Amino acid sequence: MTGQPRRLPVGGRVDRTSPISFTFDGRTYQGLRGDTLASALLANGVYVVARSFKFGRPRGVVGSGAEEPNAIVQLGTGADALPNQRATQVELYDGLVGASSAAHGLRGLIDAARRVLPAGFYYKMLMAPPILWRFWEQVLRRGAGLGTVPQGADPDRYDKLNRHCDVMVVGAGAAGLAAALVAARSGARVVVADEQDAFGGSLLASALHIDNRPAAEWVVDAVSELRTFEDVVMLPRSTVVGLYDHNFLTVLERCADHGPSTSGAAARERLHRVRAKEVVLAAGAIERPLVFANNDLPGVMLASAVSCYVNRYGVAPGERLVLATTNDAGYRTALDWQRAGREVVAVADSRADPSGALPRAARDAGIRVLRSHGVVEAVGHAHVRAARVASLNTAGDALTSTARRINCDLIACSGGWNPAVHLSSQTGTRPVWSDEAVGFVAGQRRGLHCAGAVTGAATVAECLGQGAAAGASAARAAGFATDETEPLATDEAPLDAQQALFVIPHSRRTSRAPPQFVDLQLDVTAADIELAAREGYESVEHAKRYTALGFGTDQGKLGNVNGIAILASALGREIGEVGTTMFRPAYTPATFGAIAGRDVGDLFDPERHTPMHVWHEAQGAVWEDVGRWKRPRYYPKPGEDMDAAVARECIVARTGVAMMDASTLGKIDVQGPDAARFLDRIYAGGFLRLGVGRCRYGVMLKDDGMIFDDGVTVRLDDERYLVHTTTGNAEAVLAWLELWRQTEWPDLDVYLTSVTDHWATMAVVGPKAREVLGRVCSDIDLGADAFPFMACREGHVAGVRARVLRISFSGELSFEVNVAAGQAVAVWEALMAAGSADGITPYGTETMHVLRAEKGYIIVGQDTDGSMTPHDMGLDWAVRHGKRHGFVGERSLALADYQRADRLQLVGLRTVEPATVIPEGAQIVADVYRMRSGRVPMRGFVTSGYYSATLKRSIALAMLKGGRGRLGETVHCPLDNGNVLAAEVVDPVFYDPDGERQNA
Amino acid sequence: MLLLQCPHCLEARSEEEFDYAGEAHIQRPATDVSDAEWADYLYFRSNPQGRHCEMWVHTAGCRRYFNVVRDTVSYDVLAVYPIGERERESLVGKPPP
Ligand SMILES: [Zn+2]
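Since this is a predicted model, take the numbers as computed values, not measurements. (Residues numbered from 1 in each chain as written. Chains lettered and ligands numbered in written order. Predicted model: local features only at pLDDT ≥ 70, side-chain atom pairs only at ≥ 80, totals over all residues. Heavy atoms only, no water.)

Caption draft 1: Region of interest: the pattern of salt bridges. Residues and elements named next belong to chain A. For the coordinates displayed, the defined rule picks out 59 salt bridges over all chains. Between Arg997 and Glu812 there is a salt bridge whose closest N-O contact spans 2.8 Å. With Arg997 in the segment after strand 49 (980–986) and Glu812 in the loop between strand 41 (800–805) and strand 42 (814–820), this residue pair connects regions lying 185 residues apart in the sequence. Using a relative accessible area of 28% as the deciding quantity, one classes Arg997 as partly exposed. Here Glu812 falls in the buried class, since its relative accessible area comes to 1%. One network of salt bridges, in which partners are shared, links Asp872, Asp897, Arg900, Asp902 and Arg903. (Salt bridge = Lys/Arg side-chain N within 4 Å of Asp/Glu carboxyl O. Helix = DSSP H or I, 4+ residues; strand = E, 2+ residues; numbered from the N terminus. Buried < 20%, exposed > 50% of the residue type's maximum accessible area, 1.4 Å probe, protein only.)

Here it is, written out as structure tokens:
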């Protein structure tokens, strides 16, 4: 045991045969298998494990589990590092490297800072001039160490798993085990999860007997019996971090965190996504600390934690103990301490007449019990050297004697228990104050069965009984029959009533006394909360945000209820009336790795590739993400930037022949006797008289009259149409069509199928398009009269069955060749070969944008934003009024507001300086001279801006108030670099306004 | 995360498979109503604390829309029924089976 001065010679669930070594803050120590990092540090006499968040005060281990606010550590180094872990829950392993998260705190500021960082500091700073906040942010961030971000990509593997069960048992202490046994015996599928490495909860550190056996033996038997059931899944080292609606739970299992990193060889953590019919919440309770002066000094601990270190780990974190308690249960710690051979200097019990079994046992054991006493202040610099105790009045809110000093090096405190109601409140069930339990207990809701300390139960016998009852009620609710179970007997002493006391008063008033900490992690004091109440933050939610109470990574597991009690007292209200704030998932911090699972890297968000993707890649295409699609943006030749490549591609398309992969356009196959009637009602234009083999451009409105989508529809047959949607809107359009088909017009006999992925589309564009296509297509007459603009023909291209549409989004002569996706690459390559003599050039989305903008064709979603009508966009020609059933959105077009002459309207802009392109999003102002005043009316904005190589000048599309009435006027676009661009308002069609080229 | 019984697939499935589709039983008025009445249909929806009739669509399943009566406080699903059927009074206000 060399080097472990605080290790007891015997006892604990630790393996004493072979010590293991670990490193903390650069120093090497020895510990034992079965230790946590916290117990090993205490065994080595390491008491200061952190510096506090705001004041840099030394802090030590306070608790022994999830509640720990101080001992927050970073494990490992580099990419494997795991920040923000509670040392009390970190299992020790050989070679563990840990570091205090806040080791480099604000040592310089220490206590002086308390005067300048009062409650509401953040709020006040954020309301102050920004420069002040920037200063403080620098200072605070350096000190506020809650871990550092691991460097490099996480090499570890994380899994996700879906589970379904009848009964999910949260927590495997006395209540959880009892519940799981009853539910399992009924035949229900059960999942039991517990955050510790072994099942048993507090029974693991208990000297009690259950059913005439030591508690630990009862646990072993219960676990063995559970293992015999095929439909029981047992998850140790698994924290239920979230409880969501309809009993969906997330359980974080730490598979390999208790050993050195496997660098991806095995799953490090696993997130179980459990859907349970019924949930048994047996999450236990967390001991409530007492608030007194300097109660943050290392050496002030929870009484239950002291017992846990003694009984479970064989560690005595001190020599001389003073116990401060308001209840009988705390006496167990005094007895444990004495049994460990250490000295109990005194018990300060706030109650006037502690006469229960445990206080009697303490007195019988020779322990000095001070009635009506409290610890008012801890004394010491980096560690407890003494406790100041004084006598209290009956209510516990005033001192009745001066304080006297009692030398000690450990103060254990017990202010009662806070049920772990966190999970139950995550779905919105408010915890309820119980005067009997002196704590907030879980609220009731269907499907949730609470058992054990979470209900306020104080004895193991109660927990076992409630657990069995909850297991039975959960199993029955899930449809299983349960047998009666015999109640289990224990040898524990009955507990007398506790006193509801949260703060031990000081001789000086709160604001002048040494700090009385409520929230240790965020350095919130009783004085801060009183100040918040004085400044009018009376709602608990407001006070929380003003003081930052409970905002730490521990979500105030120790401090919240004390804070609420102080607020209630300052406001003169009852605690239950003030209520709690809500707890949110996760119960303890969860890693992003576990939440992401395997959905990282290539699997994070699936990419969609067109059939020709590999070809584009081989040509060096630069990609543009459109929805999930990867689309070639342009194909640079060596030495070309985007502007040069796009200019070249545009010129080729306008003068020779070019080809674009248009496969990503959404395609919906519409079939049925009522297909025409359906489309006629959906589209603003008329579709009843569209002939077979003909195409029509359609604009689709939402019922508010705003443009939702546009595209070309082809009539393939009497009862069959192919609707094209924009690339990004394909799914939304299908859902929209289905909504109308299913809910408004169920009488129409029509069916919709997405065929986007079934077809590949290649647009052959340019004056030589007919010639090139003709070389690989012999069974379609491509002549201008035989195959006119806006027609569709079927035949073969490069020997493959093809549907060819003579439509154009470029304004040039254009054929869109559609073939089955699986045969597309061969056809694409055949077309490239057929056009090679004419210099055929692939082009991407950027060139497509320029070509269509030259023609004034809009892109829905770029030139529109859901607030534009067809009239606004100059699309009246695509609207047909007077149809028998009208069309979606038609009534809205008649709304008075839509008739305003000053609505934003689509126009073209020609910059006065032809070489300068107006950036998209630029604002248009009316009066450049008034601009200097900073108040100038906005007239609109630019939606598209490009350099047109064909026109040798910059062009732009814009939405301008009353724009069509302003042709010829000059407008101004101020840029963020201070320049102002002047531009002339023109018609949006810049090129070939009569359409001679596409009709050629 | 809700668990919804699709009335077409007849299976309880996770919310992830569905999309919310707005309040149910909104009557689309005839087109000869006043601007105010039309705007009421377009823009105004109830926002009750309690029972709410709404539409969902089984996007990752049968792609069909259906009606749900859901308590907006407890999130209990009180009824599920196909489009075209009126709310089943017998189910309303009672917990699901
Ligand atoms: Zn379905």
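Caption draft 2: View of the packing of aromatic side chains. Residue and element names in this part refer to chain A. Applying the stated criterion across every chain, the model contains 20 aromatic pairs over all chains. Considering the side-chain rings of Tyr244 and Phe248, the 6.0 Å spacing of their centres and the 50 degrees angle between planes classify their relative orientation as tilted. Under the relative-accessibility criterion, Tyr244 is labelled partly exposed at 30%. Among the residues examined, Phe248 registers a relative accessible area of 7% and is labelled buried. A centroid spacing of 5.0 Å and a plane angle of 75 degrees characterise the contact between Trp433 and Phe440, whose relative ring orientation is edge-to-face. Of the two residues examined, Trp433 and Phe440, each falls in the buried class. Aromatic rings pair up to connect Phe678, Phe708, Trp736, Trp740 and Trp745 into one cluster. Over the face of the ring belonging to Tyr587 we find Lys557, whose NZ or CZ atom lies 4.4 Å from the ring centre. The positively charged end of Arg803 is found above the aromatic ring belonging to Trp759, 4.3 Å away from the centroid. (Phe/Tyr/Trp six-rings, centres within 6.5 Å; stacked < 30°, edge-to-face > 60°. Lys NZ or Arg CZ within 6 Å of the ring centre and 35° of its normal.)

Caption draft 3: Representation of the coordination of the zinc ion within the structure. Residues and elements named next belong to chain B. Protein coordination at the zinc ion comes from Cys6 (SG), Cys9 (SG), His58 (ND1) and Cys62 (SG), with a distance range of 2.0 to 2.3 Å. Taken together, the four donor atoms coordinating the zinc ion span angles of 105 to 116 degrees at the metal, a pattern that classifies the geometry as tetrahedral. Here the donor residues of the zinc ion share one chain and are spaced in sequence as C-x2-C-x48-H-x3-C. Of this pair, Cys6 sits in strand 1 (residues 3–6) while His58 sits in the loop between strand 4 (51–57) and strand 5 (65–71), and the two are 52 residues apart along the sequence. On the basis of relative accessible area, His58 is assigned to the buried category, the value being 2%. (Donors = N, O, S within 2.8 Å, 3.2 Å for Na, K, Ca; no water. Tetrahedral: all angles 85-135°; square planar, octahedral: opposite > 155°, others 65-115°.)

Caption draft 4: Helix 22 (residues 824–835) of chain A, seen in detail. All names here are of chain A. Between its first and last C-alpha, helix 22 extends 17 Å over twelve residues, near the 16 Å set by a 1.5 Å rise per residue. The set of residues buried in helix 22 consists of Ala824, Val827, Trp828, Leu831, Met832, Ala834 and Gly835. One side of helix 22 holds all its buried residues, which, seen down the axis, span an arc of 165 degrees. (Expected span 1.5 Å × (residues − 1). Arc of directions from axis to C-beta.)

Caption draft 5: Region of the structure containing the sheet that holds strand 34 (residues 666–671) of chain A. Residue and element names in this part refer to chain A. Spatial ordering of the open sheet is given by 35-36-37-34-38, a layout of five strands whose pairing is antiparallel. Two strands lie at the open edges of the sheet, namely strand 35 (695–701) and strand 38 (751–754), each paired on one side alone. With strand direction ignored, the average angle separating the axes of adjacent strands in the sheet is 30 degrees. Relative to strand 38, helix 20 (residues 730–744) is tilted by about 165 degrees, and along the sheet it contacts strand 34, strand 35, strand 36 (707–717), strand 37 (720–725) and strand 38. (Pairing = 2+ DSSP bridges. Axes fitted to C-alpha atoms, helices over the stretch in contact; angles between N-to-C directions. Contact = heavy atoms within 4.5 Å.)

Keep in mind these numbers describe shape, not what the thing actually does.
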